[in-house]
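Descriptive analysis of the structure
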Amino acid sequence: MSSSDEEFRAELRAWLEEHPPPAVDVATTPEDAEVLREWHRTLHSGGWVGIHWPVEYGGRGASVTQVAAYNQELARAGAPPILGRGGVTLVGPTLMTHGTEEQRVRWMPRILAGDDVWCQLFSEPGAGSDLASLSTRAEKSGGVYRVNGQKVWSSYATFADMGIALVRTNREAPPHKGISMLAIPMDAKGVDIRPLRQITGDCEFNEVFLDDVEVPVENLIGPENEGWKVANTTLANERGASFIWREQVFLELAIDVLSQACARAGHAGDPLVRQQLARSWIDVEIFRLHNARTLARLARGEEIGAESSIVKLFWAGASQRLYETATTVLGSAALLAAGGDDALDAGRWSRNLLWSRANSIMGGTSEIQRTILGERILGLPREPKVSR
C-alpha cells in the first residue's frame with residue numbers, strides 16, 4: 001500500500017478508537033435495528049459510509065486498496081455491518097449507472113445518511129440461482145405499476161424503508177427481456193413481510209408477499225423491460241470483492257481465538273490438535289494470499305471476472321472447515337449456544353458453525369462457482385442436453 005493508503009488506515013483506526021462500535025452484530029429486534037441504524041449515522045458523521053462512492057455523490061472516491069483497508073479495520077474493531085448496507089453497496093451504484101437525476105437526488109443522500117434502509121427483492125421460491133425465471137409481475141395502469149408476487153431471502157426487509165425489486169413487465173418476451181427494476185416503498189399497502197427463522201435462531205432474512213402493490217411509474221430504475229441489464233450492475237456490486245477483506249480478518253481473528261481456547265483447555269501439546277490447527281491456519285493463509293493477488297490486480301485496473309469464483313469458493317470451504325475444526329477440538333462445550341453457563345466463548349463456535357453453512361449458498365452457490373470456473377477458466381464443455 002502507498003503512504004496515502006496507510007494514512008487512510010491510520011485515520012480510520014484512530015476514529016474507531018474514539019467511536020467504538022456497538023456490541024450488536026445482527027438486527028433481530030427493532031431495538032437491535034435502531035442500534036445499527038444509529039451506528040450507520042455515526043459512521044456517516046465521520047465520513048465513513050460509502051467511501052467507494054465518487055466524491056460528487058457524497059463519497060470519498062476511495063481506491064480499491066483503501067476499500068480493502070476500510071473493511072479490514074472495521075472487522076478488527078468488531079464493527080457490525082451497517083443496517084443500510086444494501087443501499088450503500090447495491091442501490092447507490094445502480095442509481096449512479098441507471099437512475100435518473102431526480103432519483104439520485106431523492107434517494108442517494110438518504111442512503112448515505114442512514115435515513116432510508118433498502119432491501120433487495122430479487123430471489124423467489126422458484127427463481128433463486130435461475131433468476132431470469134422470476135414470476136412476480138408488474139402491470140402498468142395509469143401512473144402506477146401494480147405488483148403481484150412473492151420474494152424471499154430479503155435481508156432486513158422487516159426494517160427496510162425501500163426495496164429494489166425485479167419484476168416481469170412483459171410476459172410475452174424472452175425471460176431476460178421482459179424484466180424491469182422497481183423501487184418499492186416497503187410500507188405500501190399490499191406489502192406483507194414475514195421473517196424467516198434461521199438455524200442460528202436469528203431472523204435476518206424474510207419472505208415478502210406483494211398483493212396488488214401500487215408503485216409510481218417514476219420509481220422505475222432504468223428502461224422498462226431492460227431490468228436484466230440494470231440488475232447486472234447490482235449483482236456485480238453484490239458479488240464484488242469488498243466482503244473478502246472483512247472475512248479475511250474474521251478468519252484470522254477466529255484462528256487466534258481458537259488457538260487460545262485450545263491452550264486454556266490444555267490441548268496445545270496434543271499433536272493431533274496441533275495438526276488440525278495447522279490445517280486451519282494454512283486455509284486462512286491461502287485465503288489471505290488469494291486476496292492479496294485480487295487486490296494487486298484491482299490496483300492495476302484489471303478486471304477480476306470469473307476468477308472471483310475461486311476466492312468465493314475457497315472462502316466458503318475454509319470458513320466451514322475452521323468452525324468444524326473448532327467444535328471438534330474444543331469438545332461438546334463448543335456446541336452450546338449463547339446464554340448457557342457452560343457455553344464456551346459465549347457460544348461463538350456453535351453460532352459460527354451454523355452460520356457458515358450459508359457461505360456455500362449466498363452470493364452464488366458453490367455449484368455455480370464450480371460451473372463458472374469449469375466453463376470460463378478451464379474451458380470445459382457444457383453438459384449436452386439429453387433428448388427424450
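Just so it is clear, the structure is predicted and the values come from calculations on it, not from any experiment.

Thresholds applied
- Residues numbered from 1 in each chain as written.
- Predicted model: local features only at pLDDT ≥ 70, side-chain atom pairs only at ≥ 80, totals over all residues.
- Heavy atoms only, no water.
- Helix = DSSP H or I, 4+ residues; strand = E, 2+ residues; numbered from the N terminus.
- Rg over C-alpha atoms; globule rule 2.2 N^0.38 Å.
- Buried < 20%, exposed > 50% of the residue type's maximum accessible area, 1.4 Å probe, protein only.
- Patch = residues over 30% accessible without salt bridge, like charges linked within 9 Å, V, L, I, M, F, W, Y side chains within 5 Å.
- Areas by Shrake-Rupley, 256 points an atom, 1.4 Å probe, with all protein chains shown as cover.
- Salt bridge = Lys/Arg side-chain N within 4 Å of Asp/Glu carboxyl O.
- Phe/Tyr/Trp six-rings, centres within 6.5 Å; stacked < 30°, edge-to-face > 60°.
- Lys NZ or Arg CZ within 6 Å of the ring centre and 35° of its normal.
- pLDDT = per-residue confidence, 0-100.
- Core = buried A, V, L, I, M, F, W, Y, C linked by side-chain atoms within 4.5 Å.
- Contact = heavy atoms within 4.5 Å.
- Expected span 1.5 Å × (residues − 1).

**Observations concerning the overall build of the chain**
Each helix and strand counted, the chain has eleven helices and eight strands in total. Relative to the compact-globule value of 21 Å for 388 residues, the chain shows a C-alpha radius of gyration of 22 Å, a close match. Principal axes of the C-alpha set define a box for the chain whose edges measure 75 × 60 × 45 Å. Counting every position in the chain, which comprises 388 residues, the buried fraction comes to 48%.

**A short note on a nonpolar patch on the surface**
Among the surface-exposed residues, W281, I282 and I286 lie close enough to one another that they form a single nonpolar patch of about 290 Å² accessible area. Locating I282 in the fold gives a position in helix α8 (residues 271-299).

**Quick word on the packing of aromatic side chains**
Applying the stated criterion across every chain, the model contains eight aromatic pairs. Summarising the aromatic geometry, the rings of W15 and W39 are spaced 6.2 Å apart at their centres and angled 45° between planes, so their arrangement reads as tilted. Of this pair, W15 sits in helix α1 (residues 3-18) while W39 sits in helix α2 (residues 30-45), and the two are 24 residues apart along the sequence. Residue W39 is classed as buried on the basis of its relative accessible area of 4%. One aromatic cluster is present, built from ring pairs that chain together W153, F205 and W355. One Lys or Arg, R60, reaches over the ring of W48 and ends 3.8 Å from the middle of that ring.

**So, the confidence of the model for the chain**
Here the chain shows a mean pLDDT of 92. Residues at 70 or above account for 97%. Ranking the helices and strands of the chain by mean pLDDT puts strand β8 (residues 220-221) first, with 98, and helix α6 (residues 227-238) last, with 84.

**Description of the nonpolar core**
Core analysis: the largest hydrophobic core is formed by 40 residues, its most contacted members being L43, W48, W118, F122, L166, M181 and I221. Residue assignment for this core shows that the elements contributing at least two residues are α1, α2, α3 (64-76), α4 (85-98), α5 (101-113), β4 (162-168), β5 (179-185) and α6. Not counting residues within four places of it along the chain, the set of residues in contact with F122 comprises A127, L131, K151, I164, A165, L166, M181, A231, T234 and L235. Core analysis: the second largest hydrophobic core is formed by 28 residues, A33, L36, V147 and A188 among them.

**Comments concerning α3**
Taking 1.5 Å per residue as the helical rise, α3 with its 13 residues ought to reach 18 Å, and the 18 Å between its terminal C-alpha atoms agrees with that figure. Here α3 lies mainly inside the structure; eleven of its 13 residues are buried. Among all positions of α3, only T65, Q66, V67, A68, A69, Y70, N71, Q72, E73, L74 and A75 are buried. Structurally, α3 contributes buried residues whose contacts are with α1, α2, α7 (242-264) and α8. The positive-phi residue at the C-terminal boundary of α3 is G78, with phi of around 75°.

**Details of unusual backbone geometry**
The phi dihedral of Y156 is positive, around 60°, even though this residue is not glycine. The residue Y156 is located in the loop between β3 (144-151) and β4 in this model. Unlike most non-glycine residues, A346 shows phi in positive territory, near 60°. Mapped onto the fold, A346 is located in the loop between α9 (308-330) and α10 (348-355).

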